[in-house]
Amino acid sequence: MAARGHVQDPNDRRLRPIYDYLDNGNNKMAIQQADKLLKKHKDLHCAKVLKAIGLQRTGKQDEAYALAQEVAALEPTDDNSLQALTILYREMHRPELVTKLYEAAVKKVPNSEEYHSHLFMAYARVGEYKKMQQAGMALYKIVPKNPYYFWSVMSLIMQSISAQDENLSKTMFLPLAERMVEKMVKEDKIEAEAEVELYYMILERLEKYQEALDVVRGKLGEKLTSELQSRENKCMAMYKKLCRWPECNALSRRLLLKNSDDWQFYITYFDSVFQLIDESWTPPLEEEHSLEGEVHYSIEQAVKFIEERITEESKSTRPLRGPYLAKLELIRRLRCRGCNDEYKLGDPEELMFQYFKKFGDKPCCFTDLKVFVDLLPSSQYTKFISQLLEVIPLSSTTESEIALPADIKALQQHLCVVQLSRLLGIYHAMDKKQKLTVVRELMLRYHHGLEFGKTCLKTELQFSDYYCLLAVHLLLDLWLEEGEEMAVWQCLTLLEEGLSHSPSNAQFKLLLIRIYCRLGAFEPVAELYSSLDAKHIQHDTIGYLLTRYAESLGHYAAASQSCNFALRFFHSNQKDTSEYIIQAYKYGAFEKIPEFIAFRNRLNSSLHFAQVRTERMLLDLLLEANISSSLEESIKSMSLSPEEDDIPWKDLRDNRDLTVLFNWDPKDRDISEEHRKLSLEEETLWLRIRSLTLRLVSGLPTLSHSIQPKNSEKTAENGVSSKIDTIRSLLQQLEAAVDSGKKFLEQKIQYPVLGPPPTRMAGFFSNGSCQCQTSLFYLVSDIYELDTNGLEDSAEVQERIGNSFKSLIERLTDLFNKCKGDLIEVRDGTLKTQPNLLENLVFFVETISITQWVSSYCDGVLRPFKSNLQKKKKKKKETNVAMPPVFTHFLDYVTELQTLTSNVIDHIKGLEIILTALKLEELSLKDTLLLQEEKKFTKTVQGKVQSSYQHSVQEIGELLKKRLDTIKKLKI
């Protein structure tokens, strides 16, 4: 433990065994050792805290907290106790208690530099910026060191960033921070680069761009040395803010003379040239062009400058791509302005051809040219590709009918051409037969390319992997656009084979994940995602690939695990970011602190975070809550409340990386900004429906089951009437969200093949789950009305409830009918899958679970009524008293619900039998496309899909059996 290194008092020897036990994870022994020590030394506070840490780690949080508070109340000042309590409070996720601890310590030892700095960092953890400012100044007064002074200044900036009122930020916090730094500048006390960075940050936020520029160009700017071209970059940023285009141009030109391969300066150079042309700028006659030197203010100068860079590049020992791409960029900009013909820069097609000859063997050649293909006329695409192919050294062999590359360089060149062919839409224009021919050729090239990678390590990618990926993309076109079922199995076969040769290829894994999920097979996906070894922020950016499908395909255990995995990252974000901020203060990286805060806020507002949290809670209720009492316990343990909505709807951030899969599609087929907006809208609508469903379910236990007289004041007093109002309000919101969802789906949006996966919303509406669930919550309202008004005056309500029961059974039966069919079947030697049946079954289980919870509520309301009626019957000794119809309705409904659930379970058993009996190994892909060595992967793929379906059906069946057992108990 961290504390051990700081122990300096005589008790070190006594405490050491406890530290050792805690370090080794032996918490029980640590507690025992602490107890032994406390018997002999009752006042050894640190031993008590270490015991509390042991208790915390063994799940006894309440005992640990009580013991910690006992020590904290004594306001200890020894280093051991303070550090041990800090560790404990961090593990408890109670950083605010650390501030109180050091506030007390500072009062007792007012001149301690260590305790003051600990107090500052404690405030930093909880974001108490005002107190941080005060603590920083207090620290500076005790020990006048610059870092402490600037801690206080930075805390003022943080107050300005977090201030709700922007006016307050610019009139109070930032000017005060500026004055504080200016004081140090006047006294010539600025020592470090971080202090200059902070001064620059303040001036920039105050929009004092000229002053910021003066600081960077002046004596203080000489301290900016840690980053390459730090001063130049800051000057450039200020010139742009001040619209000083002559200086922008001269500086970017000067930097390009130093390094003609720096792309960002080409962009600034072109931007400034065209700004100066638009402003008709002319240089002064006698003075310098600008502070930064000579300025280029005409197209002729720009053209000449780029040509000079290319000439210089030809003399360079290392080939530079920048000047050649800059020429293409200039052509594009000139063409946009309609003046390309006037300045003969050359034909873009020829320039790209020359670029390919020079850099075609580099993997970056495709991504470089991709940006400029729109300069080519579509009529020249085929000619351009043929021209590129002619310069690649390919040689024919007796074994192969196609010309193959002789070395890796030629292979990379050919790969670049194939990628460009896909990008230019040449493959898309082909018919089915031509596409299959190209797939076969690409796979032959892939297998040939493996020869060059025989010495590659497992962690390295094969040189020819892209051939395999491109072949799969063509097959995906055949599957999703032309309905060729055979193509999807070939996709999986080729990808599994590719993965066997390139176990670290993330693209193979990501594509397999998408295709398996589209086929409804989640089982292989969990392992594939795990092997991606996603790090930190990737759990937010690509986590949707996993969490979107886990539950919806019936893998409840895997869904629970994947949600936990994602939530662990989001929950640790708060704690981790605090540590980053503290380190930034310690090392003077002040400019990073606002970035860390923004990063934390971005994750807290993540769409994926909100989705996973909502789905996880619904899943937990689905798996754990069988009866109303356990539903109540589950909701209580989750701290769920129907009134509270903790999703930041206005600030939701879509952090998904929708371009994580490589794509060579033309622009018109690629993911557009419009697709992103529509996907976010769809995801938000679906999240709202799911969130409202969760809140409605969480409201069930809050409704009173006891019979109250009409207009009872008690109901208003105990808040129950307001609870039903909440339920009814949420129901209205749900109806509105459902209407919005239906309107959205009317647009019939088609996302690109590898674009964002659609939500489950369409299935939710089409299979009838939505109508079932909504009617269930309306039933709750009716039952509550019956509960409140009593049986005597509620004939109309009873009839309404009876009709609701009948309608519900009909809707559930209709939903079950949409679950019927074979998940996987063999037709003409081809496997046909129906993954939508799995999603429908999962929706059925969810709907039957909500049905059961609502039925339990009905049971809780009707049981006391029946009991009271029976008592009255016994007292009056009447045998012919008619029972209210609602009891008969409920009993009939429960019987039918039981029968329906049993039928679904029988259907699932039938599916299990069919899946087990299906002999997939007897199938073979009757297609010459697959080579013999590829066919062995077909069996693997089919087996994975079959096994996944079996597990899905099994988990769904087990959950339904639990529901049936509970439904059987619903007998009033």
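What you see is a predicted model, and the numbers here were worked out from it, not measured in a lab.

1. So, the overall build of the chain
The number of helices and strands found in the chain is 41 helices and four strands. With the C-alpha coordinates of the chain rotated into their principal frame, the extents come out at 120 × 85 × 60 Å. Counting over 972 residues, the chain shows a buried share of 54%. Here the analysis covers contacts within the chain between residues at least 6 apart in sequence; of these, 72% occur between residues at least 24 apart. Counting every atom, the chain has about 44,300 Å² of accessible surface; 49% of that belongs to carbon and sulfur. Across the chain, the 127 positively charged side chains and the 139 negatively charged ones have centroids separated by 5 Å.

2. Comments concerning the domain arrangement of the chain
Partitioning the chain into structural domains gives domain 1 (243-340) and domain 2 (768-971). Once you take the C-alpha centre of each, domain 1 and domain 2 turn out to be 70 Å apart.

3. Looking at the pattern of salt bridges
For the coordinates displayed, the defined rule picks out 51 salt bridges. A salt bridge links Asp 477 to Arg 422; its shortest N-O distance comes to 2.7 Å. Taken together, the residues Asp 477 in helix 23 (residues 465-482) and Arg 422 in helix 21 (residues 408-423) connect sequence positions 55 residues apart. What makes Asp 477 buried here is its relative accessible area of 3%.

4. A look at helix 10 (residues 166-186)
Taking 1.5 Å of rise per residue, 21 residues should cover 30 Å, and helix 10 covers 29 Å from first to last C-alpha, within 8% of that figure. Leu 174 marks the point of greatest bend in helix 10, at about 30°, and the proline Pro 175 comes within the next four residues. Check the buried side of helix 10 and you find it contacts helix 8 (129-142), helix 9 (146-162) and helix 11 (193-205). Asp 188 occupies a position one or two residues after helix 10 and carries a positive phi of about 55°.

5. Examining the packing of helix 29 (residues 556-587) against helix 31 (residues 607-624)
Contact geometry of helix 29 with helix 31 gives a least axis separation of 9 Å together with a crossing angle of 140°. Here helix 29 is positioned oblique relative to helix 31, judged by the angle of their axes. The two elements helix 29 and helix 31 cross, and the hand of that crossing is left-handed. Judged by residue contacts, Tyr 556, Ala 559, Ser 560, Cys 563, Asn 564, Ala 566, Leu 567, Phe 570 and His 571 of helix 29 engage His 608, Phe 609, Val 612, Arg 613, Arg 616, Leu 619, Leu 622 and Leu 623 from helix 31.

6. Observations regarding the environment of Leu 97
Of note, Leu 97 is situated in helix 6 (residues 95-108). Residues Leu 97 and Leu 85, spaced 12 residues apart in sequence, show a C-alpha to C-alpha distance of 9.1 Å. Contact partners of Leu 97, with chain neighbours within four places excluded, come to Tyr 65, Gln 69 and Tyr 89.

7. A short note on the nonpolar core
In terms of nonpolar packing, the biggest core is built from 299 residues, with Leu 420, Tyr 585, Phe 590 and Phe 844 touching the most fellow members. By residue number, the principal contributor to this core is helix 39 (residues 835-876), which donates 16 residues. Each of domain 1 (243-340) and domain 2 (768-971) contributes no fewer than three residues to this core. Those residues within four positions of Phe 590 in sequence are excluded, and the remaining contacts are Phe 150, Trp 151, Met 154, Ala 194, Leu 198, Met 201, Ala 584 and Tyr 585. In this structure, Ala 566, Phe 570, Leu 603 and Val 612 belong to the second largest nonpolar core, which totals eight residues.

8. Observations concerning the packing of helix 10 against helix 11
Relative orientation of the contacting elements helix 10 and helix 11 amounts to 145°, with a least axis distance of 10 Å. In the crossing of helix 10 with helix 11, the sense of the turn from one axis to the other is left-handed. Mapping the contact onto sequence places Lys 170, Leu 174, Ala 177, Glu 178, Val 181, Glu 182 and Val 185 in helix 10 and Tyr 199, Ile 202, Leu 203 and Arg 205 in helix 11. Residues of the contact of helix 10 with helix 11, tallied by class, amount to seven nonpolar, no polar and four charged.

9. Brief notes about the environment of Ala 84
Inspection of the secondary structure puts Ala 84 in helix 5 (residues 79-91). For Ala 84, a relative accessible area of 0% translates into the label buried. If we skip the residues at most four places from it in the chain, Ala 84 touches Cys 46, Val 49, Leu 50 and Ile 53.

10. Here we look at the packing of aromatic side chains
To describe a pair of aromatic rings, one takes the distance between the centres and the angle between the planes. Inspection of every chain in the model, using the stated rule, returns 28 aromatic pairs. Between Tyr 149 and Phe 150, the ring centres sit 5.6 Å apart and the planes meet at 75°, which makes this aromatic pair edge-to-face. Phe 150 shares its class with Tyr 149; the two are buried. Relative to Phe 844, the ring of Phe 816 lies with its centre 6.4 Å away and its plane at 55°, an arrangement referred to as tilted. A residue pair is termed long-range when its members are at least 10 positions apart, and Phe 816 in helix 38 (residues 795-817) and Phe 844 in helix 39 qualify at 28 residues. The exposure class of Phe 816 is buried, given its relative accessible area of 6%. When its relative accessible area of 0% is taken as the criterion, Phe 844 is described as buried. If you follow Lys 234 out to its NZ or CZ, it ends over the ring of Tyr 200, 5.3 Å from the centre.

11. Comments concerning helix 38
The terminal C-alpha atoms of helix 38, which comprises 23 residues, lie 33 Å apart, in line with the 33 Å expected from a rise of 1.5 Å per residue. The set of residues buried in helix 38 consists of Val 797, Gln 798, Ile 801, Gly 802, Phe 805, Leu 808, Ile 809, Leu 812, Leu 815 and Phe 816.

12. Details of the side chain of Ser 605
Among the structural elements, Ser 605 can be located in the loop between helix 30 (592-604) and helix 31. Every residue in contact with Ser 605, bar those within four places of it in the chain, is listed here: Pro 648, Asp 651, Leu 652 and Arg 653.

13. Description of unusual backbone geometry
Residue Asp 188 is not a glycine yet carries a positive backbone phi of 55°. Among the secondary structure elements, Asp 188 is positioned in the loop between helix 10 and helix 11. With a phi angle near 55°, Asp 533 is a residue other than glycine that sits in the positive phi range. By the secondary structure assignment, Asp 533 is in the loop between helix 26 (523-532) and helix 27 (538-541).

14. Description of the environment of Val 780
Of note, Val 780 is situated in helix 37 (residues 769-789). For the pair Val 780 and Pro 758, spaced 22 residues apart in the sequence, the C-alpha separation amounts to 32 Å.

15. Comments concerning the confidence of the model for the chain
Interpreting fine coordinate detail is not advised for predicted regions of low pLDDT. With 93% of its residues at a pLDDT of 70 or more, the chain shows a mean pLDDT of 89. For residues 706-718, every residue scores under 50 in pLDDT, and the model assigns this stretch 16 contacts once sequence neighbours within four places are set aside. Per-residue pLDDT stays below 50 along residues 922-928; that stretch engages in 15 contacts with residues further than four places along the chain or on separate chains.

16. Quick word on the state of the cysteines
For the structure shown, the criterion picks out zero disulfides. Left unpaired, Cys 858 is separated from the closest cysteine sulfur, that of Cys 772, by 15 Å.

Calculation rules
- Residues numbered from 1 in each chain as written.
- Predicted model: local features only at pLDDT ≥ 70, side-chain atom pairs only at ≥ 80, totals over all residues.
- Heavy atoms only, no water.
- Helix = DSSP H or I, 4+ residues; strand = E, 2+ residues; numbered from the N terminus.
- Buried < 20%, exposed > 50% of the residue type's maximum accessible area, 1.4 Å probe, protein only.
- Contact = heavy atoms within 4.5 Å.
- Areas by Shrake-Rupley, 256 points an atom, 1.4 Å probe, with all protein chains shown as cover.
- Lys, Arg positive; Asp, Glu negative; His and termini not counted.
- Charge placed at Lys NZ, Arg CZ, Asp CG, Glu CD.
- Domains from an automatic or database assignment.
- Salt bridge = Lys/Arg side-chain N within 4 Å of Asp/Glu carboxyl O.
- Expected span 1.5 Å × (residues − 1).
- Bend = angle between axes of the 7 residues up to and from the residue.
- Axes fitted to C-alpha atoms, helices over the stretch in contact; angles between N-to-C directions.
- Parallel < 35°, antiparallel > 145°, perpendicular 65-115°, else oblique.
- Left-handed = near helix turned anticlockwise from the far one by under 90°.
- Core = buried A, V, L, I, M, F, W, Y, C linked by side-chain atoms within 4.5 Å.
- Nonpolar A, V, L, I, M, F, W, Y, C, P; charged D, E, K, R; others polar.
- Phe/Tyr/Trp six-rings, centres within 6.5 Å; stacked < 30°, edge-to-face > 60°.
- Lys NZ or Arg CZ within 6 Å of the ring centre and 35° of its normal.
- pLDDT = per-residue confidence, 0-100.
- Disulfide = S-S within 2.5 Å.

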